[in-house]
Amino acid sequence: MRAVVLDADGLPGLAEVPDPDGPGDLVRVLACGLCGSDLEKLGRGPGVLGHEVAGLLEDGSHVTVMHRVPCGRCERCVAGHESTCDEFQQLRIDPGGFAERLRATHVVATQGLGLDAIWVEPVACILRAAEHVPSGRNLVVGCGAVGQLWVQVLRRRGDEVVVTDPRADRVEAAQRIGAHLDDGPVDAAVVTAHGGVNAALARVEPGGTVLVFAAPFGDVPISLDAVYRRELQVVGSRSATPRHFDAAVALLPELDLPAVTTLPLERFEEGVELYRRGDALKVVFTP
Ligand SMILES: [Zn+2]
Ligand SMILES: [Zn+2]
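Numbering of residues begins from 1 in every chain and follows the order in which that chain's sequence is written. Whichever chain is written first becomes A and whichever ligand is written first becomes 1, with later ones labelled in order. Local features are withheld for residues below a pLDDT of 70 in this predicted model, meaning they are given only at 70 or higher, and side-chain atom pairs are given and counted only at 80 or more; totals for whole chains, interfaces and linings count all residues. To get the side-chain values, take all heavy atoms of the structure and skip hydrogens and water.

Q: Please explain the coordination of the zinc ion (ligand 2) as it appears in this structure.
A: Geometry reference: four tetrahedral donors at a metal, ideal angle 109.5 degrees. Six octahedral donors, ideal angles 90 or 180 degrees. A donor here means an N, O or S atom no more than 2.8 Å from the metal, or no more than 3.2 Å when the metal is Na, K or Ca. Since water is not included, a site may seem to lack partners. Protein coordination of the zinc ion (ligand 2) is provided by Cys-71 (SG), Cys-74 (SG), Cys-77 (SG) and Cys-85 (SG), with donor distances spanning 2.3 to 2.4 Å. For the zinc ion (ligand 2), the four donor atoms in the first shell make angles of 105 to 114° at the metal, a pattern classed as tetrahedral. Ordering the donors of the zinc ion (ligand 2) by residue number gives the pattern C-x2-C-x2-C-x7-C. A residue is classified by how much of its surface remains accessible, and Cys-71, at 16% relative accessible area, is buried. All geometry calls rest on donor angles, where a four-donor set with angles between 85 and 135 degrees is tetrahedral, four- and six-donor sets with opposite donors more than 155 degrees apart and all others between 65 and 115 are square planar and octahedral, and all else is irregular. Buried residues are those whose accessible area, probed at 1.4 Å on protein chains only, stays under 20% of the maximum for their type, while exposed residues exceed 50% and partly exposed ones sit between those limits.

Now the structure itself:
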């Protein structure tokens with residue numbers, strides 16, 4: 001079958017690979033979303049990326065997959081830090097979503113969502129992280145696809161949401177789904193774009209929370225003086241758990257989903273470039 005494979009230097013290329021024969025269900029990939037975390041892994045091969053899958057089981061049922069699963073019992077899981085669980089580090093899909101087929105030990109039924117199932121994993125990550133964000137007047141830094149989903153999740157629970165993004169078209173899109181633009185103080189801030197942490201620290205009220213929801217791409221110095229003097233909390237959240245996958249499947253039909261750019265696997269590098277330049281809000285590949 002065909003798959004986008006990273007070579008030893010982490011450079012992607014379409015290749016013929018053997019069908020996966022590992023444990024779990026055989027899933028025919030209908031589409032797979034490109035995630036910011038996939039970009040982090042480019043340049044660090046080898047392997048097959050992609051974990052935001054809309055797929056079909058052999059019996060014709062629509063599913064998505066969980067590429068990592070916490071044990072649910074260890075101290076870290078019990079403390080709510082499931083993504084740091086030892087078992088969570090193990091990949092549960094073989095080889096990855098940017099392929100014609102994969103094997104998955106944990107599939108989640110998505111009946112009725114169709115290709116929108118590619119959003120289940122990102123929304124599940126947001127629902128888990130949102131548990132760390134106190135309700136109130138909250139800032140979303142970055143109005144890309146993830147920022148737009150955050151705006152809706154926070155608005156649905158009654159928060160007032162303000163946004164910031166250097167791109168006017170993205171701010172307008174966020175305003176259409178209920179966010180507004182101003183530079184007043186906020187109770188908490190969600191950083192979905194790298195480089196936004198210090199701007200967020202400057203905006204939150206004393207005692208407020210800054211949630212780091214995107215890889216900072218390198219070591220970003222943050223203002224510890226602000227953290228100390230205003231007694232701020234800086235919290236990280238990464239990835240999702242089975243409970244949040246179920247909640248995301250249930251919530252998705254009610255969300256206004258960001259526009260996607262769909263490309264065949266053959267145009268993988270072009271899709272990565274569109275996403276990097278900010279010319280596509282979300283890129284989805286179909287085998
Ligand atoms: Zn993702
Ligand atoms: Zn665990």
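Q: It is not clear to me how helix H3 (residues 120-130) should be interpreted in this structure. Could you clarify?
A: Structural remark: α-helix, 3.6 residues per turn; residues separated by three or four positions point the same way. Among the 11 residues that make up H3, 11 are buried, leaving the element largely enclosed by the rest of the structure. Numbered from the N terminus, helices here are DSSP runs of H or I no shorter than four residues, and strands are runs of E no shorter than two. Residues Val-120, Glu-121, Pro-122, Val-123, Ala-124, Cys-125, Ile-126, Leu-127, Arg-128, Ala-129 and Ala-130 constitute the buried set of H3. The contact rule is simple, with two residues in contact once any of their heavy atoms fall within 4.5 Å. On the buried face of H3, the contacting elements are strand E4 (52-57), strand E5 (62-65), helix H4 (145-156), strand E12 (204-212) and helix H8 (242-251).

Q: What is the right way to read the sheet that holds E12 from this model?
A: One key point about sheets: their strands pair by backbone hydrogen bonds, in either a parallel or an antiparallel sense. Two strands pair if DSSP finds at least two bridges between them. Spatially, the five strands line up as an open sheet ordered E10-E9-E11-E12-E13, and their pairing is parallel. Only two strands of the sheet have a single neighbouring strand rather than two, namely strand E10 (160-164) and strand E13 (233-236). The sheet shows a mean angle of 20° between the axes of neighbouring strands, direction not considered. Across four bridges, the pairing between strand E9 (residues 137-141) and strand E11 (residues 186-191) is parallel. Looking across to E11, one finds that Leu-139 is bridged to Ala-189. For helices, the fitted axis covers only the stretch in contact; all axes are lines through C-alpha atoms, and the angles between them, taken along N-to-C directions, range from 0 to 180 degrees.

Q: Whenever I open this one, the coordination of the zinc ion (ligand 1) confuses me. Can you help?
A: Ligation of the zinc ion (ligand 1) by protein atoms is provided by Cys-35 (SG), His-51 (NE2), Glu-52 (OE) and Glu-121 (OE), these donors lying 2.2 to 2.6 Å from the ion. Here the zinc ion (ligand 1) binds four donor atoms, and the angle range of 89 to 167° at the metal identifies the geometry as irregular. Donor residues binding the zinc ion (ligand 1) come from one chain and are separated in sequence as C-x15-H-E-x68-E. Of the two residues, His-51 is situated in the loop between helix H1 (36-41) and E4 and Glu-121 in helix H3; the sequence distance between them amounts to 70 residues. Like Glu-121, His-51 is buried.

Q: Would you mind going over the nonpolar core with me for this structure?
A: Considering soluble globular proteins, one finds that nonpolar side chains tend to be buried as a cluster. Definition used in this section: a nonpolar core is a set of buried Ala, Val, Leu, Ile, Met, Phe, Trp, Tyr and Cys residues joined via side-chain atoms within 4.5 Å. With 46 residues, the main nonpolar core has Val-120, Val-123, Trp-150, Val-151, Val-163, Leu-211 and Phe-213 as its most contacted residues. A total of eight residues in this core trace back to one element, the largest contributor, which is H3. Leu-34, Val-63, Leu-263 and Phe-285 belong to the second-largest nonpolar core, a separate cluster that totals 25 residues.

Q: Please clarify how the pattern of salt bridges should be interpreted in this entry.
A: A pair can form between side chains of opposite charge whenever their charged atoms are brought close. A pairing counts as a salt bridge when a side-chain nitrogen of Lys or Arg comes within 4 Å of a carboxyl oxygen of Asp or Glu. Applying the stated rule across the entire model yields 18 salt bridges. The partner of Arg-73 in a salt bridge is Glu-87, and the shortest N-O contact between them spans 3.8 Å. In this pair, Arg-73 is assigned in the loop between E5 and helix H2 (75-78) and Glu-87 in the loop between H2 and strand E6 (93-94), connecting sequence segments 14 residues apart. Taking relative accessible area as the criterion, Glu-87 reaches 33% and is therefore assigned partly exposed. Across the pair Arg-277 and Asp-279 runs a salt bridge, and its minimum N-O distance is 2.9 Å.

Q: Help me out: how do you make sense of the packing of aromatic side chains in this one?
A: The description of an aromatic ring pair rests on the distance of the ring centres and on the angle between the ring planes. Note on ring pairs: Phe, Tyr and Trp rings are taken, using the six-membered ring of Trp, and paired if centres are within 6.5 Å. Classes follow the plane angle, with under 30 degrees stacked, over 60 edge-to-face and the rest tilted. Enumeration according to the criterion identifies four aromatic pairs in this entry. Measuring from ring centre to ring centre gives 5.3 Å for Trp-150 and Phe-213, while their planes differ by 85°; the resulting arrangement is edge-to-face. Of this pair, Trp-150 sits in helix H4 while Phe-213 sits in the loop between E12 and helix H7 (224-229), and the two are 63 residues apart along the sequence. In textbook terms, an aromatic cluster arises when at least three aromatic residues are bridged by ring pairs, as seen for Phe-98, Phe-268 and Phe-285. Whether a charge sits over a ring depends on NZ of Lys or CZ of Arg being within 6 Å of the ring centre and within 35 degrees of the ring normal. When the ring centre of Trp-119 is taken as origin, the NZ or CZ atom of Lys-282, which lies over that ring, is 5.3 Å away.

Q: Sorry, what's going on with the packing of H3 against H8 here?
A: Their axes nearest at 8 Å, the elements H3 and H8 cross at an angle of 115°. Viewed along their axes, H3 and H8 adopt a mutual orientation that is roughly perpendicular. H3 and H8 meet at a crossing whose hand is right-handed. Contacts between H3 and H8 involve Val-120, Glu-121, Val-123, Ala-124, Leu-127 and Arg-128 on the former and, on the latter, His-244, Phe-245, Ala-247, Ala-248, Val-249 and Leu-251. Partitioning the contact of H3 with H8 into residue classes produces nine nonpolar, one polar and two charged. Note on angle classes: values under 35 degrees are labelled roughly parallel, values over 145 roughly antiparallel, values of 65 to 115 roughly perpendicular, and the remainder oblique. With the far helix as reference, a near helix turned anticlockwise by less than a right angle produces a left-handed crossing, and one turned clockwise produces a right-handed crossing. In this classification, the charged set is Asp, Glu, Lys and Arg, the nonpolar set is Ala, Val, Leu, Ile, Met, Phe, Trp, Tyr, Cys and Pro, and all remaining amino acids, among them Gly, are polar.

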